[in-house]
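Structural features, examined
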Amino acid sequence: LGPPIVGYAIYSIVYEDQRGWYSWALQSGVNVVYAVGFMMMTPQLFLNYKYKSVEHLPWRALIYRALNTFIDDLFAFVITMPGLHRISVF
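Residues numbered from 1 in each chain as written. Predicted model: local features only at pLDDT ≥ 70, side-chain atom pairs only at ≥ 80, totals over all residues. Heavy atoms only, no water.

Things to note about the overall build of the protein
The helix and strand inventory of the protein stands at four helices and zero strands. The N-to-C order of helical and strand elements in the protein reads α-α-α-α. Within the span of the protein, comprising 90 residues, buried residues form 9% of the whole. (Helix = DSSP H or I, 4+ residues; strand = E, 2+ residues; numbered from the N terminus. Buried < 20%, exposed > 50% of the residue type's maximum accessible area, 1.4 Å probe, protein only.)

Spelled out as structure tokens, the structure:
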């Protein structure tokens, strides 16, 4: 996971407009947080698939989670935010 993060940091400093070094460092740090969050979520996806834990979810809990996800995604599209943050919401 380290080489893609370093590669994106180098790409962003070369090809994207930055306001300064502090802005670049802050954006690179945020990218690390997003990547680690994705990495921490991946084992849970595997466990859900292996144990079929979503199949045994009661209907009320499933509807609640579906509505919660829909509302969260709706706000992610409506509120103005950077593109990378918008992708990390999903």
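Continuing now.
Notes on the packing of aromatic side chains
Overall, the coordinates contain three aromatic pairs when judged by the stated rule. Consider the rings of tyrosine 11 and tyrosine 15, whose centres lie 5.1 Å apart with planes at 40°: the pair is tilted. Residue tyrosine 11 and its partner tyrosine 15 are both found in helix α1 (residues 2-15); the two are separated by four residues, about one turn of the helix. We classify tyrosine 11 as partly exposed; its relative accessible area is 42%. In this structure an aromatic cluster arises from ring pairing among Tyr8, Tyr11 and Tyr15. (Phe/Tyr/Trp six-rings, centres within 6.5 Å; stacked < 30°, edge-to-face > 60°.)

Quick word on the side chain of asparagine 31
Considering the arrangement of structural elements, one finds asparagine 31 in helix α2 (residues 21-51). Those residues in contact with asparagine 31 that sit more than four places away from it in its chain are Tyr8 and Leu84. (Contact = heavy atoms within 4.5 Å.)

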